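# Structure assessment
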Amino acid sequence: MDFLRPASWEEALAAKAEHPTAVPIAGGTDVMVEINFDHRRPEYLLDLNRIADLYAWEVGEDSVRLGASVPYSRIMEHLRAELPGLALASHTVASPQIRNRGGVGGNLGTASPAGDAHPALLAAGAEVEAESVRGSRRIPIDDFYTGVKRNALAPDELIRAVHIKKADGPQQYAKVGTRNAMVIAVCAFGLALHPETRTVRTGIGSAAPTPVRAAAAEDFLNAALEEGGFWDNGKVITPSVAKQFAELCSAACNPIDDVRGTASYRRHAVGVMARRTLTWTWESYRGTRRTIEGAA
Amino acid sequence: MGTTGLPTNITQGVRTKGGIGESTLRPDGTLKVTGEFAYSSDMWHEDMLWGHILRSTVAHANIVSIDTAEALATPGVYAVMTYDDLPTDVKNYGLEIQDTPVLAHGKVRHHGEPVAIVAADHPETARRAAAKIKVEYRELPVITDEASATAPDAILIHENRTDHHVGHVPHPNIVHRQPIVRGDVTEARERADFIVEGEYVFGMQDQAFLGPESGLAVPAQDGGVDLYIATQWLHSDLRQIAPVLGLPEDKVRMTLAGVGGAFGGREDLSMQIHACLLALRTGKPVKIVYNRFESFFGHVHRHPAKLHYEHGATRDGKLTHVKCRIVLDGGAYASASPAVVGNASSLGIGPYVVDDVDIEAIALYTNNPPCGAMRGFGAVQACFAYEAQMDKLADAVGMDRVEFRQRNAMAQGSLLPTGQVVDSPAPVAELLRRVKAMPLPPERQWESSEGADVRQLPGGLSNTTHGEGVVRGVGYAVGIKNVGFSEGFDDYSTARVRLEAVAGEPVVTVHTAMAEVGQGGVTVHAQIARTELGVTQVTIHPADTRVGSAGSTSASRQTYVTGGAVKNACELVREQVLERGRRKFGTYHPAWATAELLLEGGKVVTDAGEVLADLVDVLGDEAVELEREWRHRPTEPFDLRTGQGNGHVQYSFAAHRAVVEVDTELGLVKVIELACAQDVGKALNPLSVVGQIQGGTTQGLGVAVMEEIVVDPKTAKVKNPSFTDYLIPTILDTPTIPVDVLELADEHAPYGLRGIGEAPTLSSTPAVLAAIRNATGLELNRTPVRPEHLTGTA
Amino acid sequence: MRVNFTVNGRPQEADDVWEGESLLYVLRERLGLPGSKNACEQGECGSCTVRLDGVPVCSCLVAAGQVEGREVVTVEGLAEYAARRSCGTGACEAGACGTDSGGTSLDEARRWSAQGTRGTDSQTGEGTELAPIQQAFIDAGAVQCGFCTPGLLVAADEMLERNPDPTDADIREALSGNLCRCTGYEKIMDAVRLAAARQSEGA
């Protein structure tokens with residue numbers, strides 16, 4: 001095993017180009033577990049800790065450019081307003097110690113369906129900034145996950161940042177685990193209201209081979225909200241709408257039975273979380289509308 | 001000498017008297033908070049090698065061949081050993097039945113069984129070499145339950161059994177069977193107005209101590225070996241290790257290294273023999289440290305069980321009879337299974353008076369992971385089932401669940417189903433009364449002005465509910481645990497106590513082989529020495545095999561038995577000191593001959609408080625030292641047909657009330673409070689007593705809602721050998737645990753004390769289950785209960 | 001490979017480090033600092049918690065090569081770290097905080113032993129200067145087997161640094177990455193409350 005310690009992003013790209021099998025290591029919270037337990041012996045470890053750029057974020061007009069290695073604890077602390085869904089998801093990641101090391105780049109690189117950030121990224125809308133010595137490109141999050149622990153990166157590419165749409169409405173995130181802290185998701189659900197486009201986006205984790213959006217559920221809800229004039233009148237969501245949305249979210253799952261939970265439970269729990277997060281976000285949206293109207 | 005981490009004497013001087021009954025602080029506390037306390041995995045020796053174990057990848061197979069050539073040729077590798085390299089004819093070990101191969105011979109019987117061992121200059125070198133060992137297996141069908149184990153044509157897990165249980169078991173794949181029959185259940189059933197039946201399942205729990213199996217073996221010039229090890233019983237290890245090495249016991253010198261928890265999981269050997277074999281083979285010190293993955297294969301677990309119960313009661317709420325059958329899965333090797341069967345059967349109906357009982361408990365041999373000792377030891381599984389039954393039956397009778405228990409509660413003078421009289425206080429009804437009388441925690445504590453605090457709700461930080469679906473439930477349970485080794489075992493301990501003057505101060509040294517695993521035995525020994533010898537300065541000598549056996553740190557027995565041995569030795573030292581005082585100073589004061597003399601504050605005083613002499617003057621330059629064995633009252637085996645017999649020496653009782661909040665839609669549970677009332681006889685160290693009760697309670701909580709080793713029934717392979725998927729409670733899963741300590745002395749025990757460590761682990765689990773049933777209305781006949789069980793999605 | 005970094009204020013050098021080694025392994029097996037514990041080596045128990053450039057992390061999941069040039073505080077340095085903090089930066093007398101920058105040679109570090117050299121009682125460590133959180137753990141009975149203790153101390157000390165007056169829920173959240181199997185956490189809660197109370201009295 002060789003330990004590569006690039007001092008800059010350019011050096012990192014060069015190293016990855018030279019050794020496409022090199023495994024990038026940033027927070028180490030996935031890679032080191034595999035090494036400690038003898039599950040993996042990469043030929044090269046590519047340490048990204050010395051690249052300061054990866055730990056920085058910029059808040060732009062429409063989106064946040066989040067460096068791949070920004071630790072979850074910093075997202076929770078500093079980006080709660082801009083990225084509320086991701087901040088909530090960050091808070092459910094493992095333990096304080098892990099949140100101090102791990103970042104979204106690692107979740108994306110590993111591309112485990114159980115990665116906590118994925119549902120929040122899917123719901124908010126994001127693009128992954130991937131780069132190699134050949135150049136830089138932006139991969140829409142919807143195209144990023146290609147299979148169980150597989151993603152759209154080319155062997156010579158590294159994740160530099162994620163561009164996440166700034167919240168234009170309430171976002172929520174919930175995750176089921178069989179413990180009240182430090183637990184891998186049995187399943188997870190993210191939901192974002194986008195009042196500007198009058199759309200709702202979702203993300204489901206750990207309930208399919210890859211993180212997925214509940215497209216049919218989104219379409220249904222978008223239509224129902226439009227039809228009922230909900231965005232304008234700010235009425236309480238009808239229970240039947242919430243129920244059907246939840247059922248469609250469950251139907252979007254393609255889960256397995258494993259030691260963490262049954263497929264049947266996962267489908268069920270995703271439905272419950274879909275209904276609850278819809279209620280929470282919508283109530284919040286109505287509250288905001290009332291506040292705005294009250295001020296006007 | 002280049003060894004680090006060697007245990008040293010721990011001296012504790014206290015200004016206060018620091019005797020029994022006070023909450024003195026741990027003598028090893030400072031070392032433990034500074035990181036200087038040397039655990040078994042911290043041992044280091046210059047020039048040491050690292051040992052590594054190659055384990056079977058399948059559960060049941062014949063070994064066709066093992067090829068170690070490539071591994072042995074790896075640079076940095078010093079030794080590779082298989083069964084063929086074992087030095088003597090003794091190739092097995094085991095606590096009671098020596099059925100466990102040191103290294104697999106021709107066959108593996110469970111997933112993760114040791115097949116070969118490697119010593120190398122770096123752990124990674126050892127791992128890579130082990131990976132180069134080629135083992136060819138021819139797989140056999142796996143036996144995973146009672147049906148497959150006892151089928152007429154079942155493959156025998158152990159052929160040619162010669163142990164002393166084989167003569168009375170109905171099938172060679174049954175390790176031991178203990179029936180207990182008293183009265184006439186058929187007749188009693190006729191008197192029952194209500195009968196309830198239930199089938200219960202208890203999952204496989206892991207001790208999950210945090211300090212992994214580890215140790216350092218150092219070859220000695222005399223051909224022997226020095227072993228620094230974390231264990232629960234040094235002398236039991238020694239008895240099993242020495243014959244395999246072909247060494248007399250005095251050439252295997254064992255010293256207890258720091259122990260990072262045990263809970264039963266260190267009662268059996270793990271890497272002890274392997275480290276010694278490699279050290280003797282290479283002539284170099286060898287360290288072995290399991291990682292967490294390996295630890296799940298490296299020690300036995302709590303027996304999973306299937307339990308069938310039938311309870312009957314009259315209209316006025318008196319139990320008529322209990323009939324039950326308890327099937328424990330012992331896995332591939334016997335370990336402590338026979339004794340676990342003894343406990344499960346003799347304590348199988350709980351702390352209740354029932355004249356007519358018919359109990360049967362068996363332990364199976366299967367290809368599942370071997371199971372043995374864990375805190376609660378056979379009494380835990382039964383308690384989960386009989387307490388569920390008691391709730392069901394109370395409901396059938398139409399009586400309050402606590403009142404129903406109290407009406408049938410055992411008391412001093414009651415008979416166990418074994419016919420044994422409970423001859424010390426048994427305040428079962430009082431404990432229930434006390435735990436029920438504690439104020440209930442306020443409702444909806446998660447509500448705040450800023451909305452719901454998810455940290456206090458089911459799901460916790462995962463943000464699954466803001467109060468939706470949350471229902472509160474309350475449940476009660478009580479249990480009975482035996483203290484000490486039962487069934488006629490010669491359960492003794494040994495203490496060596498030395499009293500001497502050092503730099504003008506009297507100092508006591510207490511030397512025992514007791515394994516301090518965190519329970520606080522070292523604290524208590526110092527307290528006993530202070531009380532008995534009136535000396536503030538007490539040195540606790542490291543535990544080793546240079547003193548007689550202390551027995552195991554298990555069965556809630558150490559404070560009773562080794563504490564008793566220390567007390568006894570101190571009393572004898574005191575007699576000798578006073579005798580010396582009489583010889584030296586007797587002529588100066590008549591009280592030497594006439595008064596009752598005590599040792600207090602470093603002086604010889606009369607019972608009237610008159611000081612006769614300074615202890616240091618009595619002692620002079622000559623220490624008083626002696627070593628003595630001490631035993632509790634003898635017990636006897638249970639009759640193999642009827643289960644009758646005075647098998648136990650003491651009992652421990654605890655009751656719990658659990659308050660839970662369940663997210664009924666998602667099936668997530670938050671335990672809000674787990675109140676406990678326990679009779680401890682006499683709290684030698686109240687702070688430690690409460691700590692033990694809270695810790696035991698939490699392990700019971702774990703197996704109620706999350707802890708289970710999952711074994712694939714098709715392959716007998718473990719599916720979750722890691723802390724990612726074997727979950728134990730975090731601080732956010734653990735509630736407040738108010739403890740009400742009752743002290744009713746047992747006149748047969750030193751200071752009236754009662755062994756306390758295990759009882760709280762029994763009743764905590766059924767109390768939590770009862771509370772979840774109360775919240776959800778579901779029957780819930782298995783533990784741990786998982787979200788899918790609460791949502792109909794299993 | 002060779003790794004140079006600072007541990008508890010002293011420069012350290014580890015040689016012949018295998019590239020897959022963790023910071024935890026280097027501390028325990030190469031630098032003679034076994035206080036950080038190896039309970040799970042998968043980031044699920046917190047026993048190996050150290051501060052890396054001030055931030056609590058699981059040292060089992062930090063590759064040794066990643067700490068090149070960085071600062072690590074372990075439980076062995078916690079008392080000194082806490083003393084420096086209470087002295088304030090730069091306002092401290094050398095005697096109290098120790099400004100020894102000579103470093104500990106590998107050889108010295110390897111001769112680490114339970115006897116230690118600090119304090120007045122070399123056997124129990126009595127008289128050893130402790131951080132308030134360390135003393136509180138002893139006083140409250142929060143130590144049983146003690147294997148989780150070093151990690152909990154580092155995590156709890158850092159929480160009290162950020163949040164001197166934590167609620168119970170705050171304490172539970174901050175320590176939710178540290179497993180304890182012995183105590184049921186109640187006495188750990190007591191210890192942190194005690195340390196917070198003593199700290200606020202002292203302030």
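### So, the overall build of chain B
- In terms of helices and strands, chain B carries 19 helices and 36 strands.
- Its C-alpha atoms give chain B a radius of gyration of 27 Å, near enough to 28 Å, the size a compact globule of 794 residues would have.
- Along the first, second and third principal axes, the C-alpha set of chain B runs to 80 × 75 × 65 Å.
- Considering only contacts in chain B between residues 6 or more positions apart, those separated by 24 or more positions represent 80%.

### Some thoughts on the overall build of chain C
- Per the secondary structure count, chain C includes 8 helices and 5 strands.
- Seen in sequence order, chain C has helices and strands lined up from the N terminus as β-β-α-β-β-β-α-α-α-α-α-α-α.
- For chain C, the proportion of its 203 residues judged to be buried stands at 57%.
- Residue pairs at least 24 apart in sequence account for 60% of intrachain contacts in chain C once pairs closer than 6 positions are excluded.

### Quick notes on the pairing of strand β6 (residues 126-132) of chain A
Residues and elements named next belong to chain A.
- The element β6 is largely enclosed, with a buried count of 6 among its 7 residues.
- As defined by bridge partners, β6 adjoins strand β10 (residues 158-165) across 6 bridges and the pair is classed as antiparallel. Each residue of the ladder has a partner; that of E131, found in β10, is L158.
- The pairing of β6 with strand β7 (residues 135-140) spans 6 bridges and is antiparallel.

### Brief notes about the environment of D62(A)
Residues and elements named next belong to chain A.
- In this fold, D62 is placed in the loop between β4 (57-59) and β5 (63-67).
- Placed 10 residues apart in sequence, D62 and Y72 show a C-alpha to C-alpha distance of 21 Å.
- Residues contacting D62, with those up to four places away along its chain left out, are K165 and K166.

### Remarks on the interface of chain B and chain C
- Across the contact, 62 residues belong to chain B and 58 residues belong to chain C.
- For the side of chain B that touches chain C, the secondary-structure elements that each account for two or more residues are β2 (10-12), α1 (29-34) and α17 (686-705) of chain B.
- The element contributing the most residues to the side of chain B that touches chain C is α17(B), with 7 residues.
- For the side of chain B that touches chain C, a count of residues per class yields 25 nonpolar, 29 polar and 8 charged.

### So, the sheet that holds strand β12 (residues 187-194) of chain A
All names here are of chain A.
- Spatially, β11-β12-β13 is the arrangement adopted by the 3 strands of the open sheet, whose pairing is antiparallel. In this open sheet, the two strands that pair with only one neighbour each are β11 (171-176) and β13 (199-205). Between one strand and the next, the sheet's axes are offset by a mean angle of 10 degrees, whatever the strand orientation.
- Pairing between β12 and β13: 7 bridges, direction antiparallel. Its bridge partner being in β13, F189 is matched across the sheet by I204.
- Of the strands in this sheet, β11, β12 and β13 are in contact with helix α7 (residues 117-124), which crosses β13 at around 160 degrees.

### Comments concerning the interface of chain A and chain B
- Contacts between the two partners involve 30 residues from chain A, matched on the other side by 32 residues from chain B.
- Elements supplying a minimum of two residues to the side of chain A that touches chain B: α4 (84-91), β11 and α12 (263-295) of chain A.
- When residues of the side of chain A that touches chain B are assigned to their parent elements, the largest contribution, 8 residues, is made by α12(A).
- For the side of chain A that touches chain B, a count of residues per class yields 15 nonpolar, 10 polar and 5 charged.

### So, the nonpolar core
- Counting 417 residues, the largest nonpolar core has L86(A), V118(B), C276(B), A529(B), V660(B) and V768(B) as the members making the most contacts within it.
- Counting residues per element, this core draws most heavily on helix α10 (residues 379-397) of chain B, which supplies 12 residues.
- Excluding residues that lie within four positions of it along the chain, C276(B) makes contacts with A217(B), V225(B), L227(B), I241(B) and L245(B).

### Description of the sheet that holds strand β4 (residues 55-58) of chain C
All names here are of chain C.
- With respect to topology, 5 strands assemble into an open sheet ordered β2-β1-β5-β3-β4, the strand pairing being mixed. Each end of this open sheet is capped by a strand with a single partner; those strands are β2 (10-14) and β4. Geometrically, the sheet is characterised by an average inter-axis angle of 40 degrees between neighbouring strands, direction not taken into account.

### Some details on unusual backbone geometry
- Each neighbour pair has its own omega, and for T783(B) with P784(B) the value is 0 degrees, a cis peptide bond.
- Inspection of the secondary structure puts P784(B) in the loop between β36 (782-783) and α19 (787-790).
- Unlike most non-glycine residues, N463(B) shows phi in positive territory, near 60 degrees.
- By C-beta crowding, N463(B) is classed as buried, having 24 other C-beta atoms within 10 Å.
- Backbone geometry places D16(C), a non-glycine residue, at a positive phi of 55 degrees.

### Concerning the packing of α4(A) against α7(A)
All names here are of chain A.
- With their axes 8 Å apart at the nearest point, α4 and α7 run at an angle of 175 degrees to one another. Here α4 lies roughly antiparallel to α7, going by the angle between them. Contact residues: G85, L86 and A89 in α4; A117, P119, A120, L121, A123 and A124 in α7.
- Class assignment for the residues of the contact of α4 with α7 results in 8 nonpolar, 1 polar and no charged.

About the cut-offs
Residues numbered from 1 in each chain as written. Chains lettered and ligands numbered in written order. Predicted model: local features only at pLDDT ≥ 70, side-chain atom pairs only at ≥ 80, totals over all residues. Helix = DSSP H or I, 4+ residues; strand = E, 2+ residues; numbered from the N terminus. Rg over C-alpha atoms; globule rule 2.2 N^0.38 Å. Contact = placed C-beta atoms within 7 Å. Buried ≥ 20, exposed ≤ 12 C-beta atoms within 10 Å, placed from the backbone. Pairing = 2+ DSSP bridges. Nonpolar A, V, L, I, M, F, W, Y, C, P; charged D, E, K, R; others polar. Axes fitted to C-alpha atoms, helices over the stretch in contact; angles between N-to-C directions. Core = buried A, V, L, I, M, F, W, Y, C linked by C-beta atoms within 7 Å. Parallel < 35°, antiparallel > 145°, perpendicular 65-115°, else oblique.

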